[in-house]
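These are the residues of each chain, in order.
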Amino acid sequence: MVTDRETELAERLIKLHDGRSYQELQEMSAPPKDPNDDGKITEDMYLDMCRDIESEMGALESIEPIDCLPRNGSKLTLWKAKYSKSDIKVFWAIGFDSETLKVQDVLVQW
């Protein structure tokens, strides 16, 4: 089950993909477990992703929970979002650390 706090954080994270909130996104995110990990999202990558979402999907209209998958030390929450330029729902998978509720994983698919 997705908690109210996880719902609040997931909605905030999805809304942060507006191209104006890189620093806030970084504050919500857990540091990489491996300091040499190249998987960190840079500000340029973030801005590119936001531009792609805006140009292809439009403005965010709604967010709905789908389910959650408990994992060892974390929880993967699944969401669908509706955007103004498309009837296609966007799938968001957001992984939270169980103790800190910091974001560990984000996957967006449309």
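Residues numbered from 1 in each chain as written. Predicted model: local features only at pLDDT ≥ 70, side-chain atom pairs only at ≥ 80, totals over all residues. Heavy atoms only, no water.

Asker: Talk me through unusual backbone geometry; I want residue IDs and the actual numbers.
Answerer: One non-glycine residue with positive phi stands out, namely Leu101, at about 60°. Within the secondary structure, Leu101 is located in the loop between strand 3 (90-97) and strand 4 (103-109). By relative accessible area, Leu101 is classed as partly exposed at 23%. (Helix = DSSP H or I, 4+ residues; strand = E, 2+ residues; numbered from the N terminus. Buried < 20%, exposed > 50% of the residue type's maximum accessible area, 1.4 Å probe, protein only.)

Asker: Give a detailed account of the sheet that holds strand 1 (residues 60-71), specifying residues and quantitative values.
Answerer: Taken in spatial order, the 4 strands line up as 1-2-3-4 in an open sheet, and their pairing is antiparallel. The open sheet has two free edges, formed respectively by strand 1 and strand 4, since each of these has just one partner strand. The sheet shows a mean angle of 20° between the axes of neighbouring strands, taken without regard to direction. Examined bridge by bridge, strand 1 and strand 2 (residues 74-83) share 10 bridges and lie antiparallel to one another. The residue bridging Arg71 from the neighbouring strand is Ser74, located in strand 2. Running at roughly 125° to strand 3, helix 1 (residues 4-15) makes contact with strand 1, strand 2, strand 3 and strand 4 of the sheet. (Pairing = 2+ DSSP bridges. Axes fitted to C-alpha atoms, helices over the stretch in contact; angles between N-to-C directions. Contact = heavy atoms within 4.5 Å.)

Asker: Which residues make up the side chain of Ser74, and what values do they have?
Answerer: Tracing the backbone through its elements, the reader meets Ser74 in strand 2. The contact partners of Ser74, leaving out residues within four places of it in the chain, are Phe96, Asp97, Ser98 and Gln104.

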